[in-house]
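# Survey of secondary and tertiary structure
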Amino acid sequence: MSDDRVKPEALANFGSRVLQTCGVPAADADLVADSLVQADLWGHQSHGMLRLPWYVARLRSGAMTATTTPETLMDTGALALIDGHDGIGQVLTEHARREAVARARAHGVGVVGVRNSNHFGTAMYYTRRAAHDGCVSILTTNASPAMAPWGGREKVLGTNPWSIAAPAPTGGGVVAVDIANTAVARGKIYLARNKGETIPDGWAIDADGHPTTDPGKAIDGVILPMAGHKGYAITFMMDILSGALTGSRTGSDVRGPYEADKASGAGHLFLAIDVAAMNSREDYLASVGALIDEVKSTPLVPDADEIFYPGELEDRAERDNLAAGGVALAPQTRDDLVDLATEAGITPDFS
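Residues numbered from 1 in each chain as written. Predicted model: local features only at pLDDT ≥ 70, side-chain atom pairs only at ≥ 80, totals over all residues. Heavy atoms only, no water.

Now for the pattern of salt bridges. Evaluated as defined, the whole model comprises 15 salt bridges. Where Asp315 meets Arg128, a salt bridge forms, and the shortest distance between an N and an O atom there is 3.0 Å. Note that Asp315 is positioned in helix α11 (residues 312-324) and Arg128 in helix α5 (residues 124-132), a separation of 187 residues in sequence. Its relative accessible area of 13% is what places Asp315 among the buried residues. Given the relative accessible area of 6%, Arg128 is considered buried. Arg316 serves as the salt-bridge partner of Glu312, at 3.1 Å between the closest nitrogen and oxygen. Within this pair, Glu312 and its partner Arg316 are both found in helix α11, separated by four residues, close to a single helical turn. (Salt bridge = Lys/Arg side-chain N within 4 Å of Asp/Glu carboxyl O. Helix = DSSP H or I, 4+ residues; strand = E, 2+ residues; numbered from the N terminus. Buried < 20%, exposed > 50% of the residue type's maximum accessible area, 1.4 Å probe, protein only.)

Here we take up the sheet that holds strand β9 (residues 211-212). Two orientations exist for strands paired in a sheet by backbone hydrogen bonds: parallel and antiparallel. Pairing is antiparallel in the open sheet, where three strands are placed in the order β9-β8-β10. A strand with exactly one partner marks an edge of an open sheet, and here the two such strands are β9 and β10 (222-223). (Pairing = 2+ DSSP bridges.)

Our focus in this paragraph is the layout of surface pockets. With a probe scaled to a water molecule rolled over the atoms, the places where space remains empty come into view. Within this model, the largest pocket holds a volume of roughly 650 Å³. In this structure, the largest pocket is lined by 44 residues; those nearest its centre are His47, Pro161, Asp178, Ala180 and Ala185. Put simply, the parts of the chain that give the lining of the largest pocket at least two residues each are β7 (174-179), α6 (186-195), β11 (266-274) and α11. When residues of the lining of the largest pocket are assigned to their parent elements, the largest contribution, four residues, is made by β7. In terms of residue class, the lining of the largest pocket is built from 19 nonpolar, 17 polar and eight charged. Residues from two domains meet in the lining of the largest pocket; each of domain 1 (5-182 + 225-280 + 319-344) and domain 2 (183-224) gives at least three. (1 Å grid on protein atoms, 1.4 Å probe; cavity = no way out; pocket = protein on both sides within 12 Å on 5 of 7 lines; lining within 4 Å. Points joined across faces, edges and corners; volume = space filled by probe spheres on them. Nonpolar A, V, L, I, M, F, W, Y, C, P; charged D, E, K, R; others polar. Domains from an automatic or database assignment.)

It is worth spelling out the nonpolar core at this point. One finds Leu11, Phe14, Leu52 and Leu337 to be the most contacted residues of the largest nonpolar core, which totals 56 residues. With near-sequence residues (within four places) excluded, Leu11 lies in contact with Val6, Val37, Asp40, Met49, Val327, Leu329, Leu337 and Phe350. One finds Val184, Ala192, Ala204 and Ile219 within the second-largest nonpolar core, a separate group that totals 14 residues. (Core = buried A, V, L, I, M, F, W, Y, C linked by side-chain atoms within 4.5 Å. Contact = heavy atoms within 4.5 Å.)

How large an interface is tends to be reported as the accessible area lost when its parts come together. Assigned domains of the protein: these are domain 1 (5-182 + 225-280 + 319-344) and domain 2 (183-224). For domain 1 and domain 2, the distance between their C-alpha centres works out to 22 Å. Counting residues at the interface gives 27 residues for domain 1, matched by 20 residues for domain 2. For the domain 1 and domain 2 pair, buried surface summed over both sides reaches about 1,700 Å², with 57% attributable to carbon and sulfur atoms. It is Arg153, Thr182 and Tyr258 that lose the most area in domain 1 upon contact with domain 2, and together they represent 27% of the buried surface on that side. (Buried area = accessible area lost by both parts, 1.4 Å probe.)

By secondary structure assignment, the location of Asn321 is in helix α11. A residue is classified by how much of its surface remains accessible, and Asn321, at 15% relative accessible area, is buried. Every residue in contact with Asn321, bar those within four places of it in the chain, is listed here: Arg5, Asp40, Leu41, Gly43 and Gly326.

So, about a nonpolar patch on the surface. There is a patch of nonpolar side chains on the surface, built from Phe236, Met237 and Ile240 and spanning about 260 Å² of accessible area. Locating Met237 in the fold gives a position in helix α8 (residues 229-244). (Patch = residues over 30% accessible without salt bridge, like charges linked within 9 Å, V, L, I, M, F, W, Y side chains within 5 Å. Areas by Shrake-Rupley, 256 points an atom, 1.4 Å probe, with all protein chains shown as cover.)

The next thing to look at is helix α1 (residues 8-21). Between its terminal C-alpha atoms α1 stretches 20 Å, which fits the 20 Å expected from 14 residues at 1.5 Å a residue. Of all the residues in α1, the buried ones are Pro8, Leu11, Ala12, Phe14, Gly15, Ser16, Val18 and Leu19. Elements that come into contact with the buried residues of α1 comprise β1 (5-6), α2 (26-41), α3 (52-61), α11, β12 (327-328) and α12 (331-344). (Expected span 1.5 Å × (residues − 1).)

Moving on, we come to the packing of α1 against α12. It is at 10 Å that the axes of α1 and α12 come closest, and there the two elements cross at 40°. When the interaxial angle is binned, α1 and α12 end up oblique. Every pair of crossing elements has a handedness; the one defined by α1 and α12 is left-handed. In contact with Leu11, Phe14, Val18 and Thr21 of α1, α12 contributes Leu337, Leu340, Ala341 and Ala344. Its residues assigned to classes, the contact of α1 with α12 comprises seven nonpolar, one polar and no charged. (Axes fitted to C-alpha atoms, helices over the stretch in contact; angles between N-to-C directions. Parallel < 35°, antiparallel > 145°, perpendicular 65-115°, else oblique. Left-handed = near helix turned anticlockwise from the far one by under 90°.)

As a further point, take unusual backbone geometry. Not every positive phi belongs to a glycine, and Asp86 is a case in point at roughly 65°. Here Asp86 is to be found in the loop between β3 (79-83) and α4 (89-107).

Here it is in structure tokens:
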């Protein structure tokens, strides 16, 4: 194993131990740590262990509760609404996934709304699990302000990401997409700052409304929407699905993981559809397989080497990272984790 890589098992064990020092139950701590390490393996380090110090700070302040106690507010069979009472986002979303899948198996479709939650990491972590359970799934969430309304220069709306995943006859058994409605996920700007790198043009504007390639100025400024006005419109509607519909906060009232002492009030919506309720699984998989084959066999433009189906890049990144020895942490992220270990009074067994 190369010196700059960490075995995922060691990194996840470290993350769980840190969270348990904050009072998080072992099973919940394992889930959160696994979700962060999995994001790193998929190549999404903006949502990986970089975020652990932020979660710990919120647990220590009490803005996020260590013991997550979801309360069912409404249950119609296929549809349920849960109050997360400021619990851990990963734990609440995994609970919603299990509930949505169980209801989909009973009714063909299951929909679970979550209010008063927190940041849950990478959305496809949960939709991929639902796909492995035989369901097509959609997960939406809102987030703290990062984007200005189209034409504005003040943060009002979050990145409000969403994910769709479905069973597939591929190596990983899943096709999946996970998208933030901004030009880039906000965590990628923090990652660039941690690496001491600039960011590309078109990602953000500074606090005065001018384009910037400085990640620090971008964090203080506004992240631009993807696809111009279309990204703004989609993030607006995701706030309705995740916040207004579930009775959680919306717009600038949602607080993020970057604020240690403020309750988040984030909302999520998880929808699962049992493939077997719509079609035979064999016919469904044959159809998805034919679509994948057609897409991947499309003639290439001159500067392209290969066409990928959604989720294939993550599967390859995980395979490549594991073959190379594990997760390659950014230097600042590694330093932050070592500091976190010192604060928690534990040995950083990944260094």
